[in-house]
Amino acid sequence: MPWLKVSDTAANHPIVFHALELDDAYDGIVNELWGFVFRCAANAAQYLTDYVVSQGTAINMAGGSIDRARMLLDCAVKCGYMTPMHDEQGRKAYLLVKDSDLFHMFTRDELEWERMRKADIDDTDLTGRVRMRDGDACRWCGKIVDWNNRRGARGGTYDHVYPGESAKGYPERLIVCCKSCNSARGKDLVGWDRVLLPVPEEPHISNETAKQLAKWGFTVTPSDSLPLSVEQNVSTRRVPKSVEPRSVDRSTVEPETPAPGSADPEKQAPGSVERPDFTFDFETMEEELQNAPDWVKEQLKESETTVTPVEPETPAPGRTAPRKKRRNTPGEISTGKPTDNDKSRQKPTIRKLAESGRDGTGKGKTLTQKNPSQQKNSNPANPKPQPKRKRRRRRSKGQKND
């Protein structure tokens, strides 16, 4: 598929700003010339003209104005966007600059080569013969590849020995390669100095490769071990030593010397009194306590707690003592009736009735519910009589006001 790739640095390329140095430069010449050139490049990439823009295409991209197209072409040549030339038929045309920092397009040869390369890789008869011959080892570096690795450097792929030439019917032109070597080799082979390794006598074939080849119609036996080069690489790796517990002969270990000042739990400290074990039954606790040793009675006396009354604090001069809430004494039973102090501190409870019908007022009014002690006629047996509501008599149409 043809495409045009615009570089990220194209907007700040030096060729772009050359338009400001022209003798007939005007406001907006940079953007206008930029849009004109890139429209011509997109048309050339679409029709695979290999950077060549005809004069008729340039006039069409300039809006159909011949004079405007000539002026823009003249400015593009002076800035370095294009170079005048003649095509194969001898017609006047313009060659776009080939600078990857500005833009890059697929040429006709590159597109044909990409299609041919994909056709070779999709040919299972060709790739099956190549993998039977090379196994899973890269023919450039000799390392084992992983065909399930799609992005890593050790991922498996195929490489054409002669870029640009198809391998159809010529399996020796296609080899197994790792992605690292394939990417470093590139298309133009610039800076590539590695020599192609010979075909292995006993290629290493993994279980996955054997299963894949079986699907393609090739019968092969998987390798039992890795090749010698891979085994040497594995053996030279640094393997951390396992830490094994050291066995200790307890007969050769001297007993630990206790630290100075530490007491032996079996020995009693000087000045301590031996206390014999004493147990008693809870059912005969009173009789046992009378016959109990003196130290048991002393501990019982120490465990008994006595409550000492707390004297009220004397307020400082000029200040009144804070009012404390009265609490019921242990022998007093609360009657549930509020005292005078409690009545003064009670606040009315506010409840909003937003319902309609018989459960509410229907108007969202706020009602105040007073304390039970402040309500009058709270006895439901003797309700307070309510005044009767006067009903207004409806006047007829012919009746006049008095």
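Residues numbered from 1 in each chain as written. Predicted model: local features only at pLDDT ≥ 70, side-chain atom pairs only at ≥ 80, totals over all residues. Heavy atoms only, no water.

Trainee: With reference to specific residues and values, describe the pairing of strand β4 (residues 92-96).
Mentor: Looking at chain direction, strand β2 (residues 52-54) and β4 are connected through three bridges and run antiparallel. Bridge pairing links S54 to A93 in β4. Of the strand pairs in this sheet, strand β3 (residues 82-86) and β4 are connected by five bridges, and their pairing is antiparallel. Its bridge partner lying in β4, M85 is registered against A93. Here β3 folds back onto β4, and the loop between the two strands holds five residues, one of which, G90, carries a positive phi near 90°. (Pairing = 2+ DSSP bridges. Helix = DSSP H or I, 4+ residues; strand = E, 2+ residues; numbered from the N terminus.)

Trainee: If you had to explain the pattern of salt bridges to someone new, which residues and values would you point to?
Mentor: Using the criterion set out here, one finds nine salt bridges in the structure. Where R139 meets D134, a salt bridge forms, and the shortest distance between an N and an O atom there is 2.9 Å. Residue R139 shares its accessibility class with D134, and that shared class is buried. Beyond isolated ion pairs, a larger network of salt bridges with shared partners links R133, D134 and R139. (Salt bridge = Lys/Arg side-chain N within 4 Å of Asp/Glu carboxyl O. Buried < 20%, exposed > 50% of the residue type's maximum accessible area, 1.4 Å probe, protein only.)

Trainee: Please give an account of the sheet that holds β2 that cites residues and values.
Mentor: Strand pairing in a sheet relies on backbone hydrogen bonds. The paired strands run either parallel or antiparallel. Here we have three strands laid out as an open sheet, ordered β2-β4-β3, and antiparallel in their pairing. Edge strands, defined here as strands with exactly one partner in the open sheet, are β2 and β3. In this sheet, adjacent strand axes meet at a mean angle of 35° when their direction is disregarded. In the packing of helix α4 (residues 66-79) onto the sheet, the strands contacted are β3 and β4, and the crossing angle to β3 comes to about 110°. (Axes fitted to C-alpha atoms, helices over the stretch in contact; angles between N-to-C directions. Contact = heavy atoms within 4.5 Å.)

Trainee: Go over the pairing of strand β7 (residues 174-178) with me, naming the residues and quoting the values.
Mentor: Where burial is concerned, most of β7 is hidden: five out of the five residues are buried. Of the two faces of β7, the one lined by L174, V176 and C178 and the one lined by I175 and C177 are each fully buried.

Trainee: Which residues make up the side chain of D120, and what values do they have?
Mentor: Take D120: it is sitting in helix α5 (residues 108-122). As a buried residue without a salt bridge, D120 has its nearest oppositely charged side chain in K168, at a separation of 7.2 Å. Beyond its immediate chain neighbours, meaning those up to four positions away, D120 contacts L126, T127, H160, S166, A167 and K168. (Lys, Arg positive; Asp, Glu negative; His and termini not counted.)

Trainee: Lay out helix α6 (residues 124-134) in plain terms, naming residues and giving numbers.
Mentor: Taken as a whole, α6 has its buried residues at L126, T127, G128, V130, R131 and D134. Residues of α6 that are buried in the fold lie against α5, β6 (156-160), β7 and α8 (207-215). At the N-terminal boundary of α6, the capping side chain belongs to D123, with an oxygen 3.3 Å from the backbone nitrogen of D125. Among the residues trailing α6, G135 stands out with phi positive, at a value near 70°. (Polar contact = N/O pair within 3.5 Å; in protein donor to acceptor, adjacent residues only side chain to side chain.)

Trainee: Tell me what's going on with the packing of aromatic side chains, and back it up with residues and numbers.
Mentor: Here the structure, examined in full by the defined rule, presents five aromatic pairs. Pairing F38 with F103 gives two aromatic rings, centres 5.3 Å apart and planes at 80°, and the pair type is edge-to-face. Here the residue F38 occupies a position in helix α2 (residues 29-46), and F103 occupies one in strand β5 (residues 103-105), the gap between them amounting to 65 residues. Accessibility classification places F38 together with F103 in one group, the buried group. Ring plane angle 90° and centroid distance 5.4 Å describe the contact between W140 and W192, whose orientation is recorded as edge-to-face. A residue pair is termed long-range when its members are at least 10 positions apart, and W140 in the loop between α6 and β6 and W192 in the loop between α7 (179-185) and α8 qualify at 52 residues. Overall, W140 belongs to the buried group, its relative accessible area being 8%. Three or more aromatic residues joined by ring pairs make a cluster, and in this case those are W34, F38 and F103. When the ring centre of Y170 is taken as reference, the NZ or CZ atom of R173 above it lies at 4.1 Å. (Phe/Tyr/Trp six-rings, centres within 6.5 Å; stacked < 30°, edge-to-face > 60°. Lys NZ or Arg CZ within 6 Å of the ring centre and 35° of its normal.)

Trainee: Account for the nonpolar core, naming residues and giving values.
Mentor: Nonpolar side chains in soluble globular proteins generally cluster together in the buried interior. Grouped together as the largest cluster of nonpolar side chains are 33 residues, with contacts concentrated most on L33, F36, V37, Y81, M82, L96 and F103. Secondary-structure elements contributing two or more residues to this core are α1 (14-17), α2, α3 (55-61), α4, β4 and β5. Looking at which element gives the most residues to this core, the answer is α2, with ten residues. Those residues in contact with M82 that lie beyond four places of it in its chain are F36, V37, C40, L73, A76, V77, Y94, L95 and L96. In terms of nonpolar packing, the next biggest core, distinct from the first, is built from 16 residues, W147, Y158, L174 and I175 among them. (Core = buried A, V, L, I, M, F, W, Y, C linked by side-chain atoms within 4.5 Å.)

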